Amino acid sequence: AQKITQTQPGMFVQEKEAVTLDCTYDTSDPSYGLFWYKQPSSGEMIFLIYQGSYDQQNATEGRYSLNFQKARKSANLVISASQLGDSAMYFCAMREGPREAGNNRKLIWGLGTSLAVNP
Amino acid sequence: EADIYQTPRYLVIGTGKKITLECSQTMGHDKMYWYQQDPGMELHLIHYSYGVNSTEKGDLSSESTVSRIRTEHFPLTLESARPSHTSQYLCASSELGALDEQFFGPGTRLTVL
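These remarks concern the structure in this document. Source: prediction; values computed, not measured.

## A word on the interface of chain A and chain B
Logical step 1: In this complex, chain A contributes 24 residues to the contact, which on the side of chain B involves 25 residues.
Logical step 2: Between chain A and chain B lies a buried interface of about 1900 Å² when both sides are counted; carbon and sulfur atoms form 56% of it.
Logical step 3: One can count 0 salt bridges joining chain A with chain B.
Logical step 4: Where chain A packs against chain B, one counts 4 residue pairs in polar contact (both at pLDDT 80 or more).
Logical step 5: The set of elements that each furnish at least two residues to the side of chain A that touches chain B consists of strand E5 (32-39), strand E6 (46-52), strand E10 (88-96) and strand E11 (107-109) of chain A.
Logical step 6: Residues belonging to the side of chain A that touches chain B are distributed by class as follows: 11 nonpolar, 7 polar and 6 charged.

Now the structure itself:
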């Protein structure tokens, strides 16, 4: 079973509008972390935002915010005021277990969502 | 700004050649990773390391090998390249005990003819 599910293979948004990229996850660990990465056509992976399972508030980083709904096991990325440069692949990833030196678990990746911003 | 470097950025070679993809990071991170990714597709972890002299195979079977003799250096080697090895290879590192946020290099796009 997929541990990270991104149900939208492709999304379109008009420039300056907001867009939500979906991510649901599956874990029985009470402690975990969720990440979003952006991959432009040039190929590099850029870290955007992080949400810990015990964080009380939704994470925000500039125009990026994470809509974290723990009971639904969803961690959707919201991009406000879309820009042409936001066109890219977006990956959701999860770390199971707590963030501590003894945790050697790897990140689990979703399949990605391709976002196209139209002028 | 992440300081992780990969060379070469692009490589086109013939079948049967031995190649080494270089990856170096200057952040002192203990953990390093190699991913393989076809265009527009998901990342597949092929190798990882949690420190010097530690290497493990990832979730996707790969004919490549890696070594970790120095903390900052994690090269990937293909003894005999084949067209099926054509892909993008991404190197990443993360700090032990931190968020596990992985910092990525720019990638190497490999084409085997």
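## Things to note about the state of the cysteines
Logical step 1: This structure, assessed with the given rule, holds 2 disulfides over all chains.
Logical step 2: Two residues share a disulfide in this structure: Cys23 of chain A and Cys92 of chain A, whose sulfurs sit 2.0 Å from each other. Here the S-S torsion is close to -65 degrees, and the disulfide linking Cys23 of chain A with Cys92 of chain A is therefore left-handed. Placement of Cys23 of chain A in the loop between strand E3 (19-21) and strand E4 (24-25) and of Cys92 of chain A in strand E10 is noted, with a sequence separation of 69 residues between them. Side by side, Cys23 of chain A and Cys92 of chain A carry an identical accessibility label, which is buried.
Logical step 3: Put simply, Cys23 of chain B and Cys91 of chain B are joined by a disulfide, and their sulfur atoms are 1.8 Å apart. Note on the Cys23 of chain B and Cys91 of chain B pair: the S-S dihedral is about -75 degrees, so by sign convention the disulfide is left-handed. Here the residue Cys23 of chain B occupies a position in strand E3 (residues 19-25), and Cys91 of chain B occupies one in strand E9 (residues 87-94), the gap between them amounting to 68 residues.

## A short note on the sheet that holds E3 of chain B
Strand pairing within a sheet occurs via backbone hydrogen bonds; the two strands may be parallel or antiparallel.
All names here are of chain B.
Logical step 1: Taken in spatial order, the 4 strands of this open sheet run E1-E3-E8-E7, and their pairing is antiparallel. Every interior strand has two partners, whereas the edge strands, strand E1 (4-7) and strand E7 (65-66), have only one.
Logical step 2: Summarising the sheet, E7 and strand E8 (residues 76-78) pair through 2 bridges and their orientation is antiparallel. In the strand pairing of E8, Thr65 is matched with Thr77.

## As for the environment of Phe12 of chain A
Logical step 1: As for its placement among the helices and strands, Phe12 of chain A is situated in strand E2 (residues 10-14).
Logical step 2: Take Phe12 of chain A: its relative accessible area is 65%, and that puts it in the exposed class.

## Examining the pattern of salt bridges
When their charged atoms lie close together, side chains carrying opposite charge are able to pair.
Logical step 1: Scanning the model with the defined rule gives 6 salt bridges over all chains in all.
Logical step 2: A salt bridge links Glu96 of chain A to Lys3 of chain A; the nearest nitrogen and oxygen atoms lie 2.9 Å apart. Remark: Lys3 of chain A occurs in the segment before strand E1 (4-5) and Glu96 of chain A occurs in strand E10; sequence separation between them is 93 residues.
Logical step 3: The class of Glu96 of chain A is buried, set by a relative accessible area of 11%.
Logical step 4: Residue Lys18 of chain B is joined to Glu79 of chain B by a salt bridge in which the shortest nitrogen-to-oxygen separation is 3.9 Å. Placement of Lys18 of chain B in the loop between strand E2 (10-13) and E3 and of Glu79 of chain B in the loop between E8 and E9 is noted, with a sequence separation of 61 residues between them.
Logical step 5: Classification of Lys18 of chain B as exposed rests on a relative accessible area of 55%.

Thresholds, definitions, all that
- Residues numbered from 1 in each chain as written.
- Chains lettered and ligands numbered in written order.
- Predicted model: local features only at pLDDT ≥ 70, side-chain atom pairs only at ≥ 80, totals over all residues.
- Heavy atoms only, no water.
- Contact = heavy atoms within 4.5 Å.
- Buried area = accessible area lost by both parts, 1.4 Å probe.
- Salt bridge = Lys/Arg side-chain N within 4 Å of Asp/Glu carboxyl O.
- Polar contact = N/O pair within 3.5 Å; in protein donor to acceptor, adjacent residues only side chain to side chain.
- Helix = DSSP H or I, 4+ residues; strand = E, 2+ residues; numbered from the N terminus.
- Nonpolar A, V, L, I, M, F, W, Y, C, P; charged D, E, K, R; others polar.
- Disulfide = S-S within 2.5 Å.
- Buried < 20%, exposed > 50% of the residue type's maximum accessible area, 1.4 Å probe, protein only.
- Pairing = 2+ DSSP bridges.

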